[in-house]
Amino acid sequence: MDFYSIRGGNPLSGEVEIAGAKNAALPILAASIMTNETVTVENVPDVSDIRAILSAIEHIGAIVERVDRHTYRINGSQIKDEPVDDEAVKKIRGSYYLIGSLLGKYKRAEVTLPKGCDIGLRPIDQHVKGFRALGAQIRIEHGMIVAQAKDLSGSHVYLDVVSVGATINIMMAASMARGMTIIENAAKEPHVVDLANFLNSMGAQIKGAGTDIIRVRGVQRLHSTEYSIIPDQIEAGTYMFAAAATHGDVTIHNVIPKHLESLTAKLEEIGCEVETSDDAVRVVANRRLQSTHVKTLPYPGFPTDMQPQITVVLGLSEGTSIITESIFESRFKYVDELIRMGAQIKVEGNTAIVSGVREYTGTSIVAPDLRAGAALVIASLAAEGYSEVHDIKYIQRGYEDFPEKLRALGADIRILDSDDPEVKSRSQIHLVS
Ligand code: UD1
């Protein structure tokens, strides 16, 4: 089994290029089959969640042509009326976007219930409420969601919670419903806007994406397009906080600085210098950082997907910080691992109270999910000594070339195979020393 072997202590320094946004690519690829014409999607990140959604659409009959590492041509004219439940797609959250896209186009969808990262209860009641409002009947049978409608017609949907997934799914189905749908209390995340822009480039009529009221006038058919996905806000943020944790100086290219404002504000507050240009951001941390308080919120608030990374940094900052997780109920699972590295953190419900320590010390740790896994890598890069990060499959779901990019910034990180006998004995020696 592969794991990361990390010798910490090197300040990260240099330049890094950010890939396309995974959480935009998932719905965009799901929506690409909503037309019978060929769609070209660029800036698709090369990560395992994306390979899973591509394999899912291929399984049901889409023709997927890989033009280059980040560009795909997709044709959905031969989609079969088959359940979407191949093994890869079962593991990803984004699989449920195929309900919205298939229901919109064919008025019928049968898709496996999504799993995704284990960060607490992840209900889909708001998705279901939206589909029902459009006139679909929804059943859950044998682990599958079955959605069907004689006809979809526009409706008024008020979301009880701000949900990225529900907003996106309803927007997709409504794009091909009859008449006008109004989604109120909609999510405003950059990837919601990116999907709306993508659908509009295919002929959809969506207005207001990026605000909390989205209006979708349904159209009968969508057409071909060429579209480039926005940069990954969370990947960029991860490198920003890696620079901070290691007292580095990193320039992060191919970003939309506006999407990073909540992160930039927190980094400046704790004592980093952040320079922003048109499509890059530079983070310099040249002194001991200070504590602060953070609460995760829907966009434009501080993203829950950056909560573990900021906690790692605050764990090394002077003073006491309070981190409140308001989106997912159990997103502090990684804290036990961080404590084993020397962090002083107490979790009470959805709050973590962090007393900053001067340094972490390396050890063997396990990634509990995607973003927490990345955060533990950051902790290991900042730590004194040697660490092993296991279960990196989670990290590979969402970070393209993570060890390679970190190495280019001066990190000492390698991928090793724990089944290799030589590696086994060597890693034990390191851990003892
Ligand atoms: C997406 C992202 C995930 C990110 C999250 C919040 C993808 C593939 N995943 O997840 O990385 O952490 O947004 O920015 O894009 N909820 C309900 N009922 C629903 C749907 C959601 O109660 O039907 C609740 C959830 O339990 C959670 C909150 O709403 O407390 C937000 O969830 P949501 O925005 O839907 O997250 P995801 O789309 O699953």
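This text goes with the structure placed above it.
This section reports on the structure supplied with the text. Being a predicted model, the structure only gives us computed values, none of them experimental.

**Focus on the side chain of glutamine 126**
Line of reasoning, step 1. Topologically, glutamine 126 is positioned in helix H5 (residues 125-133).
Line of reasoning, step 2. For glutamine 126, a relative accessible area of 5% gives the class buried.
Line of reasoning, step 3. A distance of 2.9 Å separates a polar atom in the side chain of glutamine 126 from the backbone nitrogen of aspartate 160.

**Considering the layout of surface pockets**
Where empty space is left can be seen by rolling a probe of water-molecule size over the atoms.
Line of reasoning, step 1. A volume near 1,000 Å³ is recorded for the largest pocket.
Line of reasoning, step 2. In terms of lining, the largest pocket is formed by 43 residues, of which the most central are Arg122, Val164, Gly165, Ile327 and Phe328.
Line of reasoning, step 3. When contributions to the lining of the largest pocket are tallied by element, the ones reaching two or more residues are helix H1 (22-31), H5, helix H6 (164-175), helix H8 (233-245) and helix H12 (370-382).
Line of reasoning, step 4. When residues are assigned to domains, the lining of the largest pocket turns out to be shared by domain 1 (2-19 + 231-432) and domain 2 (22-228), each giving three or more.

**A closer look at the environment of threonine 311**
Line of reasoning, step 1. Assignment of secondary structure puts threonine 311 in helix H10 (residues 307-314).
Line of reasoning, step 2. Here threonine 311 is in contact with Ile323, Tyr334, Ile345, Val354 and Tyr360, once residues within four sequence places are set aside.

**Quick notes on the packing of H1 against helix H4 (residues 97-106)**
Line of reasoning, step 1. Here H1 crosses H4 at 25 degrees, and the two axes come no closer than 8 Å. In terms of orientation, H1 and H4 fall into the roughly parallel class. Handedness of the H1/H4 crossing: right-handed. Between H1 and H4, the contacting residues are Leu26, Pro27, Ala30 and Ala31 on the first element and Tyr97, Leu98 and Ser101 on the second.
Line of reasoning, step 2. Counted by class, the contact of H1 with H4 contains six nonpolar, one polar and no charged residues.

**A closer look at the pattern of salt bridges**
Line of reasoning, step 1. Within the structure shown, the criterion is met by 24 salt bridges.
Line of reasoning, step 2. Residue aspartate 81 pairs with arginine 108 through a salt bridge whose shortest N-O separation is 3.2 Å. Placement of the pair is aspartate 81 in the loop between strand S5 (71-75) and helix H3 (87-90) and arginine 108 in strand S6 (residues 108-112), with a sequence separation of 27 residues.
Line of reasoning, step 3. Judged by relative accessible area, which is 62%, aspartate 81 ranks as exposed.
Line of reasoning, step 4. The shortest N-O distance in the salt bridge between glutamate 337 and arginine 340 comes to 3.7 Å. Taken together, the residues span about one helical turn, with glutamate 337 and arginine 340 both in helix H11 (residues 335-340) at a distance of three residues.
Line of reasoning, step 5. The network of salt bridges with shared partners includes Asp46, Arg51, Arg66, Arg69, Glu400 and Asp401.

**As for the site of the ligand**
Line of reasoning, step 1. The immediate surroundings of the ligand are formed by 22 residues, with Gln126, Ser163, Val164, Asp305 and Ile327 found nearest.
Line of reasoning, step 2. Aspartate 305 places a side-chain nitrogen or oxygen 2.5 Å from an oxygen atom of the ligand.
Line of reasoning, step 3. Notes on the ligand: free accessible area 740 Å², of which the protein chains cover 88%.
Line of reasoning, step 4. Spatially, the ligand is embedded in the largest pocket.
Line of reasoning, step 5. Within the residue set of the shell around the ligand, elements represented by two or more residues are H1, H5 and H6.
Line of reasoning, step 6. At three residues, H5 tops the list of elements feeding residues into the shell around the ligand.
Line of reasoning, step 7. In terms of residue class, the shell around the ligand is made up of 11 nonpolar, six polar and five charged.
Line of reasoning, step 8. Each of two domains, domain 1 (2-19 + 231-432) and domain 2 (22-228), supplies a minimum of three residues to the shell around the ligand.

**Observations concerning the sheet that holds strand S9 (residues 156-158)**
Line of reasoning, step 1. With respect to topology, four strands assemble into an open sheet ordered S9-S10-S12-S11, the strand pairing being mixed. Looking along the sheet, the strands with just one partner apiece sit at the ends: S9 and strand S11 (205-207). Put simply, the sheet's adjacent strands are angled 15 degrees from each other on average, direction ignored.
Line of reasoning, step 2. Here S11 pairs with strand S12 (residues 213-217) via three bridges, running antiparallel. When the sheet's bridge partners are listed, lysine 207 is paired in S12 with arginine 215.

**Considerations on the pairing of strand S15 (residues 273-276)**
Line of reasoning, step 1. Pairing geometry for S15 and strand S16 (residues 280-284), over four bridges, is antiparallel. Looking across to S16, one finds that glutamate 275 is bridged to arginine 282.
Line of reasoning, step 2. Counted between consecutive antiparallel strands, the loop separating S15 from S16 contains three residues.

Criteria and thresholds
Residues numbered from 1 in each chain as written. Predicted model: local features only at pLDDT ≥ 70, side-chain atom pairs only at ≥ 80, totals over all residues. Heavy atoms only, no water. Helix = DSSP H or I, 4+ residues; strand = E, 2+ residues; numbered from the N terminus. Buried < 20%, exposed > 50% of the residue type's maximum accessible area, 1.4 Å probe, protein only. Polar contact = N/O pair within 3.5 Å; in protein donor to acceptor, adjacent residues only side chain to side chain. 1 Å grid on protein atoms, 1.4 Å probe; cavity = no way out; pocket = protein on both sides within 12 Å on 5 of 7 lines; lining within 4 Å. Points joined across faces, edges and corners; volume = space filled by probe spheres on them. Domains from an automatic or database assignment. Contact = heavy atoms within 4.5 Å. Axes fitted to C-alpha atoms, helices over the stretch in contact; angles between N-to-C directions. Parallel < 35°, antiparallel > 145°, perpendicular 65-115°, else oblique. Left-handed = near helix turned anticlockwise from the far one by under 90°. Nonpolar A, V, L, I, M, F, W, Y, C, P; charged D, E, K, R; others polar. Salt bridge = Lys/Arg side-chain N within 4 Å of Asp/Glu carboxyl O. Near = heavy atom within 4 Å. Areas by Shrake-Rupley, 256 points an atom, 1.4 Å probe, with all protein chains shown as cover. Sits in = over half its atoms within 2 Å of the grid points. Pairing = 2+ DSSP bridges.

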